[in-house]
Amino acid sequence: MRNKAILISLIFYAVLATSAFGETVSGIITMDFDLSHHATGKEVQLWIPYPVSDKNQNISKVNIDGDYTEAAVYTDKAHKTPMLFVRWEKNATSRKLNFSFNAKRDEVSQSNFPIGITAWNPADYEIYLSATRLGPIDGEVKKLAEEITQGKTSVLAKAKAIYDWTVDNTYRNPDTRGCGFGDVCRLLKNPGGKCTDISSIYVALARASGVPAREVFGIRMGKKAAQNISTWQHCWAEFFLPSYGWVSVDPADVRKMMLVQNLKLSDEKVIESREYFWGGIDPYRIKLGEGRDLTLNPAQHGEPVNYLMYPFAQVGEHTIDWLDPASFKYTINFNRLSED
């Protein structure tokens, strides 16, 4: 009888749940790599985040061209994150690659969330409830999470309380290198950073509260006809809501708008933005993957990779700094496509 009641509840909430689609953006993403300037004598390996189609985006017309020895698409074992792997043999004097694809992304507005407590099995979402190297869920993180969610009993109420706390208590630090490293213990002492940092705070606090959560790694698309988007990587977060599915949240974009426009939390634009990014996602972004502490496929040399949002390369056993254009030469360009 109880199982029948749960089934009826699931069907009811599935009917209520909506993911309204608004604006759509389409474009061609072109990535050009040249690692020829590195000395010969060592094998060079390159891993690139590889986008795939899902209910919110469509990836098509993939093209891979270059003078590589080997190229293939794989996924890691833990998170199934797709990646394009490219290898040049140790005596190669030219190491060039062109990778392009068409992307069509929908704006999504998630709403009509189920209210109350729904039966679900946390064991099914163990990977999204576990600690990572830089995102612990015990100690000070657990203590803070309990303070934020005190009196909250449902997944939705806890997720919303953590979202509001993250928006209210973090800030965007423009001096942060890249998108940040997501070192939660350091960030709780000084909660300033960029998108990976702020999203990682949200995810760690959510997991510490028993709410399945994950970072989503991607790249923004341009708003002009043609733009260089080499440094436009972006990270946001999702939490899993039983009887509904994964819900997007982006407190980092709220804090970015506040910095860029010099706004306060009480300003009307900020209030609107924080409401929008609670379940809303603009169409100017492509999801590339997810997962922290990755063992790439084929496996890289050395320690796990913190996340795969930027291209990752190794010359022999040495990892190239993906944020140093002098040693890691690549460009990513966006060209808008008409919706006609």
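Being a predicted model, the structure only gives us computed values, none of them experimental. (Residues numbered from 1 in each chain as written. Predicted model: local features only at pLDDT ≥ 70, side-chain atom pairs only at ≥ 80, totals over all residues. Heavy atoms only, no water.)

**Q** Break down the sheet that holds strand β4 (residues 70-75) for me, citing the residues and quoting the values.
**A** Taken in spatial order, the 5 strands make up an open sheet running β4-β5-β2-β15-β16, and their pairing is antiparallel. With partners counted over all chains shown, the strands left at the sheet margins are β4 and β16 (318-319), one partner each. Sheet analysis places strand β2 (residues 44-49) next to strand β15 (residues 312-315), joined by 4 bridges and oriented antiparallel. What sits directly across from V44, in β15, is V315. (Pairing = 2+ DSSP bridges. Helix = DSSP H or I, 4+ residues; strand = E, 2+ residues; numbered from the N terminus.)

**Q** Can you explain the nonpolar core? Please cite residues and give values.
**A** Across soluble globular proteins, you tend to see nonpolar side chains buried next to one another. Judged by nonpolar contacts, the single largest core of 40 residues is most densely connected at I29, L46 and I286. When neighbours within four sequence positions are excluded, I29 is seen to be in contact with F99, S100, F101, M221, I229, I286, I332, N333 and F334. V141, L144, L241 and L263 belong to the second largest nonpolar core, which has 37 residues in total. (Core = buried A, V, L, I, M, F, W, Y, C linked by side-chain atoms within 4.5 Å. Buried < 20%, exposed > 50% of the residue type's maximum accessible area, 1.4 Å probe, protein only. Contact = heavy atoms within 4.5 Å.)

**Q** Tell me about unusual backbone geometry, and please be specific about residues and values.
**A** Of note, the amide linkage connecting N297 to P298 takes the cis form, showing an omega dihedral of -5°. You can see P298 is positioned in the loop between β14 (285-290) and β15. Even without glycine at this site, N262 takes up a positive phi of about 55°. Its place among the elements puts N262 in the loop between α6 (251-261) and α7 (268-276). Here D293, not a glycine, exhibits a phi torsion of approximately 55°, which is positive. Of note, D293 is situated in the loop between β14 and β15. By relative accessible area, D293 is classed as partly exposed at 22%.

**Q** So what's going on with the layout of surface pockets? Residues and values would help.
**A** Its boundaries defined by the atoms lining it, the largest pocket holds a volume of some 740 Å³. Lining of the largest pocket is provided by 29 residues; of these, R220, T231, W232, Q233 and K256 occupy positions nearest its centre. Counting only elements with at least two residues in the lining of the largest pocket, the list comes to β11 (233-241), α6 and α7. For the lining of the largest pocket, the element with the highest residue contribution is α6, accounting for 4 residues. For the lining of the largest pocket, the per-class residue count stands at 15 nonpolar, 6 polar and 8 charged. (1 Å grid on protein atoms, 1.4 Å probe; cavity = no way out; pocket = protein on both sides within 12 Å on 5 of 7 lines; lining within 4 Å. Points joined across faces, edges and corners; volume = space filled by probe spheres on them. Nonpolar A, V, L, I, M, F, W, Y, C, P; charged D, E, K, R; others polar.)

**Q** Quick rundown of the pattern of salt bridges? Include the residues and the values.
**A** Within this structure, the stated rule accounts for 16 salt bridges. A salt bridge links R133 to E303, with the nearest nitrogen and oxygen atoms 3.7 Å apart. With R133 in the loop between β6 (96-111) and α2 (139-148) and E303 in the loop between β14 and β15, this residue pair connects regions lying 170 residues apart in the sequence. Overall, R133 belongs to the partly exposed group, its relative accessible area being 43%. The shortest N-O distance in the salt bridge between R177 and D321 comes to 2.6 Å. Of the two residues, R177 is situated in the loop between β7 (171-172) and α4 (184-189) and D321 in the loop between β16 and β17 (330-336); the sequence distance between them amounts to 144 residues. For R177, a relative accessible area of 43% gives the class partly exposed. (Salt bridge = Lys/Arg side-chain N within 4 Å of Asp/Glu carboxyl O.)

**Q** Outline the packing of helix α3 (residues 155-169) against helix α5 (residues 195-208), supporting the account with residue identities and numerical values.
**A** The geometry of α3 relative to α5 is characterised by a closest axis approach of 10 Å and an angle of 145° between their N-to-C directions. When the axes of α3 and α5 are compared, the crossing they make is right-handed. Contacts from A159, I162, Y163, W165 and T166 in α3 reach I198, I201, Y202, L205 and A206 in α5. Class assignment for the residues of the contact of α3 with α5 results in 9 nonpolar, 1 polar and no charged. (Axes fitted to C-alpha atoms, helices over the stretch in contact; angles between N-to-C directions. Left-handed = near helix turned anticlockwise from the far one by under 90°.)

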